[in-house]
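Architecture and fold: a report
The chain contents come next:
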Amino acid sequence: MKDMHDTTPLVLTVAERLDDRGDIMRLTLTADGPLPEVTAGAHIDLLVDTPEGPLWRQYSLAGDPADRSAWRLGILRDPASRGGSIALHQLVKAGEKVHVEGPRNHFALDHSAQKTVLFGGGIGVTPMLAMAWELHAKGADFTLHYCTRSADRMAFADLIETAPFKDRIVVHHDDSAPLDLQAALPAPDAGTHIYVCGPAGYMDWVIQTAENAGHRQKNVHREYFSADVDASGETFEVVAAQSGITVTVGPDETIAKALAREGVKIEVKCEEGICGTCVTDVLEGEIDHRDQFLTEEEREEGEMICACCSRACSDRLVLDI
Ligand code: FES
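The rules behind these values
Residues numbered from 1 in each chain as written. Predicted model: local features only at pLDDT ≥ 70, side-chain atom pairs only at ≥ 80, totals over all residues. Heavy atoms only, no water. UniProt positions renumbered as here; feature names shortened; annotations may be inferred. Helix = DSSP H or I, 4+ residues; strand = E, 2+ residues; numbered from the N terminus. Polar contact = N/O pair within 3.5 Å; in protein donor to acceptor, adjacent residues only side chain to side chain. Domains from an automatic or database assignment. 1 Å grid on protein atoms, 1.4 Å probe; cavity = no way out; pocket = protein on both sides within 12 Å on 5 of 7 lines; lining within 4 Å. Points joined across faces, edges and corners; volume = space filled by probe spheres on them. Nonpolar A, V, L, I, M, F, W, Y, C, P; charged D, E, K, R; others polar. Phe/Tyr/Trp six-rings, centres within 6.5 Å; stacked < 30°, edge-to-face > 60°. Lys NZ or Arg CZ within 6 Å of the ring centre and 35° of its normal. Salt bridge = Lys/Arg side-chain N within 4 Å of Asp/Glu carboxyl O. Patch = residues over 30% accessible without salt bridge, like charges linked within 9 Å, V, L, I, M, F, W, Y side chains within 5 Å. Areas by Shrake-Rupley, 256 points an atom, 1.4 Å probe, with all protein chains shown as cover. Lys, Arg positive; Asp, Glu negative; His and termini not counted. Charge placed at Lys NZ, Arg CZ, Asp CG, Glu CD. Buried < 20%, exposed > 50% of the residue type's maximum accessible area, 1.4 Å probe, protein only. Pairing = 2+ DSSP bridges. Axes fitted to C-alpha atoms, helices over the stretch in contact; angles between N-to-C directions. Contact = heavy atoms within 4.5 Å.

Going by the annotation in an unreviewed UniProt entry, the name recorded for the protein is Oxidoreductase, with Donghicola mangrovi given as the source organism. Under Cofactor (unreviewed entry), UniProt gives the following word-for-word description of the protein: "FMN".

What follows is the structure in structure tokens.
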């Protein structure tokens, strides 16, 4: 299994709330002592109370990973999301406690790289800032391209102006000085790694352009914030091998929900195939992957499934649960 995360909940204090440009709320979270160790690219799960009930939402850590005194988040108020970010913007106040799980990192840097180029679109700059801190600390060769819609929607400007790696950051605004991606991409090379995070259209553009330019897929690292996943399809059967239970997954049902009906619990968080919480080992059957979490290689191996959204191409799947 890929997801070996720490599920011990932490109760942290919101030491500071700062409402930045671009509908981005910046939070500084602290604990009574040092926070757990993190590496750049890590995210935490934050428990959010919404009118529809509690939700776990994933937020990347944006601060210096070496700083264990505080975790720094940037949270975009996104009316298109399922309510987590709006509830947080409405409810969170400095001094309050929040419940957190993690950290987990599915987006870690490859420190064997000779050159690293980071692309952050909008709120997607958050993990890139942490990566910049880590690369700077190691004396690595890197550039961070930060793309925003316009200067007046650019968050984190104060951090960027004072960062010790500010000369390695190139800021682009869509309405005045947009990113020239062809020019920004380095020459393809086995030792060159590219990282991208941001809105889906931005990510697809960067990934496709990089791969078309000859960058190897495994050198183009990506992290999605949200996904418009279609989890519906044909009916199929799922066998929970350890529990000895067989269920039918209906056309509009997910594997996790179908199993939950019969008392077999698979933990889910994002329910969009992006966080990896629900990854379950597959013993038999052909998977119809709908997630953004597993890599191409893992999909080809066919040994893991995101049970919150993926389905079966075969009539039956046998899971190791
Ligand atoms: S719950 Fe997040 S990937 Fe399934």
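1. Focus: the side chain of Arg104
As for its position among the elements, Arg104 is in strand β6 (residues 97-104). At a separation of 2.6 Å, a polar atom in the side chain of Arg104 contacts the side chain of Asp45. Reaching out from Arg104, the side chain makes a polar contact with the side chain of Thr277 at a distance of 3.2 Å.

2. A few points about the domain arrangement of the protein
Splitting the protein by domain gives domain 1 (10-104), domain 2 (115-224) and domain 3 (236-319). Each of domain 2 and domain 3 has a C-alpha centre, and the two are 33 Å apart.

3. Some remarks on empty space enclosed by the protein
Inspection of the entire model under this criterion finds one cavity of 30 Å³ or more. Size it by volume and the largest cavity reaches roughly 80 Å³. Lining the largest cavity we find 15 residues, and of these Val38, Leu61, Gly63, Asp64 and Pro65 sit closest to its centre. Per-class residue counts for the lining of the largest cavity are nine nonpolar, three polar and three charged.

4. A few points about the packing of aromatic side chains
To describe a pair of aromatic rings, you give the distance between the ring centres and the angle between the ring planes. Counted according to the given criterion, the structure contains four aromatic pairs. Sitting over the face of the ring of Trp56, Lys269 holds its NZ or CZ atom 5.1 Å from the ring centroid.

5. Brief notes about the side chain of Thr280
The topology assignment puts Thr280 in strand β14 (residues 279-284). A distance of 2.9 Å separates a polar atom in the side chain of Thr280 from the backbone oxygen of Cys278.

6. Points about the pattern of salt bridges
Across all of its chains, the model carries 19 salt bridges by this definition. Here Arg26 ties to Asp158 by a salt bridge, and the two come within 2.9 Å at their closest N and O atoms. Linking Arg26 in strand β2 (residues 24-30) with Asp158 in helix α3 (residues 157-162), this pair joins segments that are 132 residues apart in sequence. Between Arg68 and Glu37 there is a salt bridge; the shortest N-O distance is 3.7 Å. Taken together, the residues span a long stretch of sequence, with Arg68 in the loop between β4 (53-60) and β5 (71-76) and Glu37 in the loop between β2 and β3 (43-50) at a distance of 31 residues. Residues joined in a network through salt bridges with shared partners are Asp45, Glu101, Arg104, Glu267 and Lys269.

7. Quick look at a negative patch on the surface
Judged by side-chain charge, Glu296, Glu297, Glu300, Glu301 and Glu303 come together as a negatively charged surface patch. The residue Glu296 is located in helix α7 (residues 296-301) in this model. For Glu296, a relative accessible area of 37% translates into the label partly exposed.

8. Describing the sheet that holds strand β7 (residues 115-121)
Two strands in a sheet stick together by hydrogen bonds in their backbones, pointing the same way (parallel) or opposite ways (antiparallel). Within the open sheet, the five strands sit side by side as β9-β8-β7-β10-β11. Their pairing is parallel. The open sheet terminates on both sides in strands that have one partner only, identified here as β9 (169-173) and β11 (220-224). Averaged over all pairs of adjacent strands, the angle between strand axes in this sheet comes to 15 degrees, irrespective of strand direction. For β7 and strand β8 (residues 142-148), the ladder comprises six bridges, and the chain directions are parallel. Across the sheet, Gly120 pairs through a bridge with Tyr146, a residue of β8. Helix α2 (residues 125-137) contacts β7, β8 and β10 (192-198) of the sheet and is inclined by roughly 155 degrees relative to β7. With respect to the sheet, helix α5 (residues 200-212) is in contact with β7, β8, β10 and β11, its orientation differing from that of β11 by roughly 170 degrees.

9. Overview of the layout of surface pockets
Looking at the second largest pocket, its volume works out to about 340 Å³. When contributions to the lining of the second largest pocket are tallied by element, the ones reaching two or more residues are β1 (10-20), β2, β5, α2 and α3. Broken down by element, the lining of the second largest pocket gets its largest block of residues, four residues, from α3. A class-by-class count of the residues in the lining of the second largest pocket yields 11 nonpolar, three polar and six charged. Taken domain by domain, the lining of the second largest pocket gets at least three of its residues from each of domain 1 (10-104) and domain 2 (115-224).

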